[in-house]
Amino acid sequence: MIKTNGKRLPFDPAAVPLDFPILSRKIHGKPLVYLDNAATTQKPMSVIMSMTAYYERTNANVHRGVHTLSQEATSLMEESRARVAKFIGADDPATIIFTRNATESINLVAFAWGRRNLKPGDEILLTELEHHSNVIPWQMVARDTGAVLRFIPITGRDGFLDLDQLPKLLTSRTKIFSITHASNALGTINPGGRFGRRARAVGALVLVDGAQSVPHMPVNVKALGCDFLAFSAHKMLGPTGLGVLWGRRSLLESMDPFMGGGDMIKEVWTDHATWNDLPYKFEAGTPNITGAIAFGAAIDYLERIGMDRVRAHEIELTGYALQQLKERFPGIILYGPADPRKRGGVVSFDLPGIHSHDVGTILDREGVAIRAGHHCCQVLMRKLDISGTGPGQFSLYNTREEVNSLVRSLEEAERLFGAGVR
Ligand SMILES: Cc1ncc(COP(=O)(O)O)c(C=O)c1O
């Protein structure tokens, strides 16, 4: 594996797909066009190799052994933790907690912080854009504590938040504001930093769900001004089964563990125990060692390209896709901001007369993988009064030619179903 330690290399968008073995696959005899990146991204060879190399040469449990393999595994995992911290602008690697995914990271805050600190009448502020992973944990905690959920509404199909409602919704009763940085369903990007300042003014904490922003644009916890940031490795070229929670040190120190078991304790008696230091207090049991190490390789790959160039590439593709879809399908309904600079690389659409699942199935026959349905955002779908959309999301390995394949496949769907598209 090439380790470049974040040194930028030339970015050639046409060459990037060659680093991803799966992208040479054919689906139903057609070249794979993978646009389901909001669900999970594909992995470059360096990430795959890093996992293989770990099992071939290093495999051992971490933090427990005095033997060489255990020490090597521990230092590889801790190197990765430091790399993740640097990637999001955090000064202290001990504030990076490895979890299973963004969902677990949010649950960790909801249960370890929320259950202890919320009381009847306190308010938890969310938005109508949220993924179920940032709704259900808060519903569960609200039920247990008597806290109340509030939602910032969206203004319409563009998915912008109705900020006129903010003074009414973000008040001294608000104890935590948990908000997605970028919507997986519409692409809308929320002004994270501004919310951080407004929340602090009323004494509320801010959790940013970065599952769809950290993989696609430069994200810095200091600039966001948030208290917690949650994201998943598998959505940013890394392996499944590994998530991250970053939190302010003072807050993490004030919280009790979320789960109990090995590695999260200092000392144990029959009737009580004392907790380990950060980050291990929140990492009960054997962690996903391979995943954490391979995530380091994924970050190395992203840094070699540079998140600013990843973002610029995705803006370019999104703008091209929106323009092509509007030109080719005058009846198409597009969701999310019209300006590609105000959205992540998500293209969310509805072809009137064709169910999003039918669109997805026809596209699959053409080798084009998109997601269809409610995208784990039923609050949003209810607001828009639709059952689902057919979005694709771009990643750094997608190309203009793949946008053309998407359009050609949609023309095929239109030919088969006809109704109302033009
Ligand atoms: C905005 C957002 N938040 C949270 C999640 C949950 O991510 P994971 O399933 O990796 O926990 C997703 C997954 O699609 C997402 O898009």
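The model shown is predicted, which means the values in this text are computed figures rather than measured ones. (Residues numbered from 1 in each chain as written. Predicted model: local features only at pLDDT ≥ 70, side-chain atom pairs only at ≥ 80, totals over all residues. Heavy atoms only, no water.)

A. Region of interest: the domain arrangement of the protein. Domain boundaries assigned for the protein yield domain 1 (16-39 + 306-417) and domain 2 (50-303). For the pairing of domain 1 and domain 2, the buried interface totals around 2,800 Å² over both sides, and the portion due to carbon and sulfur atoms is 63%. Here domain 1 and domain 2 share one salt bridge between them. Elements with a contribution of two residues or more to the side of domain 1 that touches domain 2: α10 (307-328), β13 (333-335), β14 (346-350) and α12 (378-384). Taken together, the residues of the side of domain 1 that touches domain 2 break down into 21 nonpolar, eight polar and eight charged. (Domains from an automatic or database assignment. Buried area = accessible area lost by both parts, 1.4 Å probe. Salt bridge = Lys/Arg side-chain N within 4 Å of Asp/Glu carboxyl O. Helix = DSSP H or I, 4+ residues; strand = E, 2+ residues; numbered from the N terminus. Nonpolar A, V, L, I, M, F, W, Y, C, P; charged D, E, K, R; others polar.)

B. Expanded view of the sheet that holds strand β10 (residues 243-247). Strand order across the open sheet formed by seven strands is β4-β10-β9-β8-β7-β5-β6, with mixed pairing between neighbours. Since the sheet does not close on itself, it has two edges, and those belong to β4 (96-99) and β6 (148-152), each with one partner. Going across the sheet, the axis of each strand differs from the next one's by a mean of 20°, ignoring polarity. Set on the sheet, helix α3 (residues 102-117) makes contact with β4, β7 (174-180), β8 (205-209), β9 (228-232) and β10; between it and β9 the angle comes to about 150°. (Pairing = 2+ DSSP bridges. Axes fitted to C-alpha atoms, helices over the stretch in contact; angles between N-to-C directions. Contact = heavy atoms within 4.5 Å.)

C. Geometry of the nonpolar core. Judged by nonpolar contacts, the single largest core of 74 residues is most densely connected at Ile88, Phe177, Leu229, Phe231, Phe295, Leu380 and Leu396. The dominant element in this core, judged by the number of residues it contributes, is helix α9 (residues 289-305), at eleven residues. Here this core spans two domains, since at least three of its residues come from each of domain 1 (16-39 + 306-417) and domain 2 (50-303). Other than its neighbours up to four places away in sequence, Ile88 contacts Ile96, Val214, Val219, Asn220, Val221, Leu229, Phe231 and Trp246. Residues Ile106, Val109, Ala112 and Phe282 belong to the second largest nonpolar core, which totals 27 residues. (Core = buried A, V, L, I, M, F, W, Y, C linked by side-chain atoms within 4.5 Å. Buried < 20%, exposed > 50% of the residue type's maximum accessible area, 1.4 Å probe, protein only.)

D. Main features of the environment of Ser356. With respect to the helices and strands, the residue Ser356 is situated in helix α11 (residues 356-365). For the pair formed by Ser356 and His374, sequence separation is 18 residues and the distance between their alpha carbons is 9.6 Å. Among residues more than four places away in sequence, those in contact with Ser356 are Ala372, Gly373, Gly388, Thr389 and Gly390.

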